[in-house]
Structure formats: structure tokens, C-alpha cells
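Secondary and tertiary structure notes
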Amino acid sequence: ESGAEIVITTTVGKVDPPHTDSMQVDLATGGTMTGLVIRNNILDRRRSVGTNGIRDGQGLKLWAADSQSISCTIENNLINAGNSSLMEGLNDANIYNNTIYGPGGLSIRCGEANTTINNMYNNLIEKMSVLDAAGGYYVNIKNHGNNIFNTNPTGQGADYPFVLDSTEVVSSTFAGLFTNPS
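Read on for a plain summary of the structure. Sequence order as written defines residue numbering, which begins from 1 separately in each chain. Local features in a predicted model are, by the rule used here, given only for residues with pLDDT of at least 70; side-chain atom pairs are given and counted only at 80 or more, and totals for whole chains, interfaces and linings are based on all residues. In computing side-chain properties, one takes all heavy atoms of the structure into account and sets aside hydrogens as well as water.

1. Some remarks on the overall build of the chain
To keep things clear, this is the line we draw: By the criteria applied, helices consist of DSSP H or I runs no shorter than four residues and strands consist of E runs no shorter than two, each listed in order from the N terminus. When accessible area is computed with a 1.4 Å probe and restricted to protein chains, residues below 20% of their type maximum are described as buried, those above 50% as exposed, and intermediate ones as partly exposed. The contact criterion used is simple: two residues touch if any of their non-hydrogen atoms lie within 4.5 Å. Every accessible area reported is derived by Shrake-Rupley at a probe size of 1.4 Å, with residue values counting cover from the shown protein chains alone.
Counting its regular elements, the chain contains 0 helices and 18 strands. Looking at the chain residue by residue over its 182 residues, the buried ones come to 51%. Within the chain, residue pairs in contact and separated by at least 24 positions form 57% of the contacts whose partners lie at least 6 positions apart. Taken as a whole, the chain presents about 8000 Å² of accessible surface, with 48% of it coming from carbon and sulfur.

2. Some details on the environment of Leu78
Topologically, Leu78 is positioned in strand β8 (residues 78–80). Residue classification places Leu78 among the partly exposed residues on the basis of a relative accessible area of 22%. The sequence separation of Leu78 and Gly59 amounts to 19 residues, and the corresponding C-alpha distance is 9.6 Å.

3. A look at the nonpolar core
Here is the rule: We define the nonpolar core as a collection of buried residues of types Ala, Val, Leu, Ile, Met, Phe, Trp, Tyr and Cys that are connected through side-chain atoms lying within 4.5 Å of one another.
In terms of nonpolar packing, the biggest core is built from 31 residues, with Leu60, Leu62, Ile70, Cys72, Met120, Met128 and Ile141 touching the most fellow members. Discounting residues that sit within four places of it in the chain, Met128 has contacts with Leu106, Ile108, Met120, Ile141, Phe149, Thr151, Pro153, Gln156 and Phe162.

What follows is the structure, given as C-alpha cells:
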């Protein structure tokens, strides 16, 4: 548990083959993490190949189990999602000004804990999946706007369905923007 701001700023272009997540925070037993800031990073899953010979793992993985939570701000990052960028068990999270691309996209789920995102603004997200209603848990993205998606996430999420607001768009030309993201 922490009360001070923890700022992570780095470029991750290679990770070890046995564990292929570019950046991972897991809270499996007890406690909470507060003040986590993930800012100004390049997390690139394209540059590392897992033990099975394919690019798997997450570009960014933040996970907390039941009765744990991660309070964080994720801003100004370039994230190649690889398999996905997984967020579960977040509480009071803010997601601003990120580019999240790749086949897995952004996966916000609640398989083992509730996930609450207070603010999600000004992001370019190739694909977003909201997976909830598992075991009585929920995903709630409270406030969002000015996001651009390649695929439409509207309607995902059982308890708090995601609905695009008037400032958000789905663009079928999104993939063309990232022919050479570096």
C-alpha cells in the first residue's frame, strides 16, 4: 500500500521470453495500491516473441483480485497491446491521452474484482472490450469523451453498458493511422 505517487516512465521494447508482458502490476493477496502513475511510456509488444514463437502477453497488465484494488492514472503512453492490455480491479482510475493499438486492444474486465474508471478521455484505442457480469462483479466507466475507436464498443458491459458520447467516434480508417507507429 502506498500513499505517495509512484511514477513509472520507461520504454519497454524487449521483455524476457518466459514472461512476455511489457509492464505488469499484480495484487493477488491483500492490500491496495494508490498513487500509481503510468506516464510517457512506450510499451511495445511487437519487439518480443514469447516462448511459443508468437507475440503474446499484454502490453500493460494491471490486475487486482477480490478485496484488493489499484488506484492509478494512465496517461500519455504509446502501448502496442500484443495479446491485450488488461485492466481489472482498478478503483478510481483515470485514463488520458494514450494510444493503444494491436490485435488485443484494451480489455477492461471484472472476473475477480470490480473495476471503476472515473475518467477516460482523449485516447486512440484500436479495440476496446468491456467484459463484466462475472461472479457478481462489474465494470463502470463513469466519464468518457473525445476517444477515437476503430471498432465500436457500444453496448459492451452488462451492469453499466458503454455508450459512445457525442464527442467520441468510430473510424474505419483507424488502422491506416498506424502503419509505422514508431
